Amino acid sequence: MKIKMKDGSIREAAFEEELGKNAFRHTTAHILAQAVKRLYPDTKCAIGPSIADGFYYDFDFAFQFSEENLSEIEAEMKKIVKENLQLRQFAADREKAMQMMEERKEPYKIEMLKDLPEGEEISFYQQGEYLEMCAGPHVAYTSAVKAFKLLSVAGAYWRGDEKNKMLTRIYGTSFPNEDMLAEYLNRLEEAKKRDHRKLGKELGLFVLLEEGPGFPFFLPKGLILKNLLIDYWRKMHAKEGYVEISTPIMLNRQLWETSGHWEHYRDKMYTTSIDGADFAIKPMSCPGGMLVYKMEPRSYREFPMRISELGLIHRNEASGTLHGLMRVRCCTQDDAHIFMTPEQIQDEIKGVARLIDEVYSTFGFSYHVELSTRPENSIGSDADWELATNGLKNALDDLKLPYVVNEGDGAFYGPKIDFHLEDSIGRTWQCGTIQLDFQLPQRFEAEYIGEDGNKHRPIMIHRVLFGSIERFLGILIEHYAGKFPLWLSPVQVKVLSLSDKYIDYAKEIEQTLKMEGLRCELDARAEKIGYKIRTARLERVPYMLIVGEKEAETKSVSVRERDAGDLGNMPIEKLLEILREEGI
RNA sequence: GCUGGAAUAGCGCAGUCGGUAGCGCAACUGAUUCGUAAUCAGUAGGUCGAGGGUUCGAGUCCCUUUUCCAGCUCCA
């Protein structure tokens, strides 16, 4: 069973197990709140749920709270655990509940109370002197919480609305024993070593500089990766009946007015003027694709017409949201627009979903699916939205793909299916998406001649598989922890010479491998072999070839694999055979 | 954008009470010519993110600002 946690992450888990863990974490959140109230009685409490790997509690402190305060709270929490307080549940009617919360001067609880339906009994939990309005469930005694840790402090808007006051959120986690806590913290540390920003720097893949916040620079090895992903993508699309185009990154204001972007997406667009006319740099590729569609009369016989475009797009994302390659201001979307008849909708959506599954399986990614519905700031009629949303739903049902619904999270022109991937510490990122759009064809007055000889309006799908190549690459780096499969490795083989005496032979090997199309480097420094191996390993090079006297004499190489270690001595043909089998 | 933190050599970091900016790795030079995760010695490298202020004196204290980190909001 899939469970969507309050922090947005999706977990596969047995329901009872999940409930038990949640009750446990939720109780720890109560202990946290009780400790805070003891230490700083003026603090107002908001909410404190359990989340995927722990819990949080939102407070409104009467003073400037910082991480330095966490240790004194932890000390107080330990006391509460030791006191072994019982958590007693009781119900109260609305009036009584209101009275209790007013006595305790808890404005956030009062606000929540006001929103609860009339006549409903309200649940409370009491532990020692601390009273919390809460539906539960909880564990029975505070002493059950044997191991916990407060992890970080952050701001969070009251009720998740940026118009509201920002509260102070304390994150923590708890476990039934110290070993489990230590193991969790250790796992977190290990995961941080896979961070694509750290690996990107260590492996020389990309860099983000102060001169261009959110605008990544690709370094030689990173660009090899990016280009390899593109090669893979192009081959796949050629096979799937797509034609590729490329449209300008800058187009005039009128076009963006027609598409609706000027009105609905303007705050994220970079604009400029040319010869006195307004222009915008594209935040999406669809309007350009639309113009290509409209170039000449189209027939139903050409449908489904699948037009792909690796679009370089720019979006002025808010500064605080930037995150390595995962969230940038400039990226390459592996876009495609499919024009079709209404009858072709189901098959096309299913075809794209299958493609996405194929791509993600190739890299060994697991993903979850969300259906995002009509947002507030949208264009188009209710009927169109319903038709489009049902179209996506039916396709998902047909495919038997489990999904969660994300109300109001669709694009302004249509609903979408989103495919989410996880990074090394469990944050999820939207990558693939399939969007059904009735609006753009109308706005651009796109047409095709049907079987009946009359003009009709085509249906349009926008879709990406990677999402953005940058984000996908970020996920990829973390997924493999920098140890890319052979076919993706920026350097596939490194030749390590034992001393200068064998450099000529080492160069000969390097040349042979390069002629075979392998990405190969030679380490000919006057260093010991152990040191060269160490360097190559840190670079995560899949194969190391050691060449010295023995190899030069027998015209062979001694092979070391990144993980498997020594593979022994072999002729170069044998090595090539191994590499081909693995896939180059 | 919001809340809280951080910024010192290419990278990873130390720098106490405000009193001469340091360590390791990398780089460079020289020696070593070596058999599976670090050979030895030496050299060079800094407007301490930027701008202002307090002070006899600021990496250190204060203000402004930029970027980054965690989370929120938003999103591919």
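These numbers were taken from a predicted model, which means no experiment stands behind them. (Residues numbered from 1 in each chain as written. Chains lettered and ligands numbered in written order. Predicted model: local features only at pLDDT ≥ 70, side-chain atom pairs only at ≥ 80, totals over all residues. Heavy atoms only, no water.)

Draft legend 1. Structural detail: the overall build of chain A. Looking only at helices and strands, one finds 18 helices and 30 strands in chain A. The principal-axis extents of the C-alpha atoms in chain A amount to approximately 85 × 75 × 50 Å. In chain A, buried positions account for 52% of the 584 residues. For chain A, the share of sequence-separated contacts (at least 6 apart) that also reach a separation of at least 24 residues comes to 70%. The positive charge centre, built from 78 side chains, and the negative charge centre, built from 95, are 3 Å apart in chain A. (Helix = DSSP H or I, 4+ residues; strand = E, 2+ residues; numbered from the N terminus. Buried < 20%, exposed > 50% of the residue type's maximum accessible area, 1.4 Å probe, protein only. Contact = heavy atoms within 4.5 Å. Lys, Arg positive; Asp, Glu negative; His and termini not counted. Charge placed at Lys NZ, Arg CZ, Asp CG, Glu CD.)

Draft legend 2. How the structure looks around unusual backbone geometry. Residue Phe-303 is joined to Pro-304 through a cis peptide bond whose omega torsion reads -10°. Here Pro-304 shows up in the loop between helix H10 (286-294) and strand S17 (305-314). Here the phi dihedral of Asp-275 falls at roughly 50°; this positive angle occurs in a residue that is not glycine. One can find Asp-275 in the loop between strand S15 (271-274) and strand S16 (277-281). With relative accessibility at 81%, the residue Asp-275 sits in the exposed group. Phi angles above zero are rare outside glycine, and Arg-540 is one such case at about 60°. Summarising the element assignment, Arg-540 is placed in the loop between helix H16 (529-538) and strand S28 (543-547).

Draft legend 3. Structural view of the protein's contact with RNA strand B. Taken together, 58 residues are adjacent to RNA strand B, and Ser-319, Arg-327, Gln-430, Tyr-531 and Arg-537 come closest. Within 4 Å of the protein, the atoms of RNA strand B are drawn from sugar and phosphate moieties in a proportion of 53%. Within the side chain of Arg-471, an N or O atom sits 3.2 Å from a sugar or linking oxygen of RNA strand B. A distance of 2.5 Å separates a base nitrogen of RNA strand B from a polar side-chain atom of Glu-551. The greatest single-element share of the surface near RNA strand B, amounting to six residues, is contributed by H16. Among the residues forming the surface near RNA strand B, the class breakdown is 18 nonpolar, 16 polar and 24 charged. (Near = heavy atom within 4 Å. Polar contact = N/O pair within 3.5 Å; in protein donor to acceptor, adjacent residues only side chain to side chain. Nonpolar A, V, L, I, M, F, W, Y, C, P; charged D, E, K, R; others polar.)

Draft legend 4. Representation of the nonpolar core within the structure. Counting 57 residues, the largest nonpolar core has Tyr-360, Phe-363, Phe-419 and Phe-472 as its most contacted members. Apart from residues lying up to four places away in sequence, Phe-472 is in contact with Leu-229, Val-359, Tyr-360, Phe-363, Phe-365, Leu-421 and Phe-466. Within the second largest apolar cluster, 26 residues are counted, among which are Phe-24, Cys-45, Tyr-57 and Leu-70. (Core = buried A, V, L, I, M, F, W, Y, C linked by side-chain atoms within 4.5 Å.)

Draft legend 5. Broad picture of the sheet that holds strand S27 (residues 520-523). The strand order S27-S26-S28-S29-S30 describes an open sheet built from five strands, whose pairing is mixed. Single-partner strands in this sheet number two, and they are S27 and strand S30 (565-570). Geometrically, the sheet is characterised by an average inter-axis angle of 25° between neighbouring strands, direction not taken into account. In this structure, strand S29 (residues 557-561) lies alongside S30, joined through five bridges in antiparallel fashion. Paired with Glu-561 across the bridge in S30 is Gly-565. The sheet strands contacting H16 are strand S26 (493-497), S27, S28 and S29, and the helix crosses S26 at an angle near 165°. (Pairing = 2+ DSSP bridges. Axes fitted to C-alpha atoms, helices over the stretch in contact; angles between N-to-C directions.)

Draft legend 6. Looking closely at the pattern of salt bridges. Counted by the stated rule, this structure contains 37 salt bridges. The salt bridge involving Glu-190 is made with Lys-193; its shortest N-O contact spans 3.0 Å. Of the residues examined, Glu-190 reaches a relative accessible area of 39% and is grouped as partly exposed. According to the relative accessible area criterion, Lys-193 is partly exposed, its value standing at 47%. Between Lys-268 and Glu-317 there is a salt bridge, and its shortest N-O distance comes to 3.2 Å. One end of the pair, Lys-268, is in the loop between helix H9 (261-264) and S15; the other, Glu-317, is in the loop between S17 and strand S18 (330-340), with 49 residues separating them in the sequence. For Lys-268, a relative accessible area of 24% corresponds to the partly exposed category. (Salt bridge = Lys/Arg side-chain N within 4 Å of Asp/Glu carboxyl O.)

Draft legend 7. Looking closely at the domain arrangement of chain A. Once the domains are mapped, chain A shows domain 1 (2-194), domain 2 (199-479) and domain 3 (486-582). Placing the centre of domain 2 and that of domain 3 at their C-alpha centroids yields a distance of 41 Å. Across the boundary between the two partners, domain 2 contributes twelve residues, which contact nine residues of domain 3. Taking both sides of the interface into account, the surface hidden between domain 2 and domain 3 amounts to around 810 Å²; carbon and sulfur atoms contribute 77%. When the buried surface of domain 2 facing domain 3 is broken down by residue, Leu-203, Lys-221 and Leu-228 rank first, second and third, together holding 50% of it. (Domains from an automatic or database assignment. Buried area = accessible area lost by both parts, 1.4 Å probe.)

Draft legend 8. Just the environment of His-314, in detail. As for its placement among the helices and strands, His-314 is situated in strand S17. Non-local contacts of His-314, meaning those with residues more than four positions away in its chain, are made with Phe-215, Ile-249, Lys-268, Tyr-270, Ile-281, Lys-282, Pro-283, Arg-329 and Cys-330.

Draft legend 9. Expanded view of the sheet that holds S16. The three strands lie next to each other as S14-S16-S15, forming an open sheet whose pairing is antiparallel. At either end of the open sheet lies a strand with only one pairing partner, and these are strand S14 (250-252) and S15. Adjacent strand axes in the sheet meet at a mean angle of 40° when their direction is disregarded. Where S15 meets S16, four bridges bridge the pair, whose relative direction is antiparallel. Counterpart to Ser-273 in the pairing with S16 is Asp-278.

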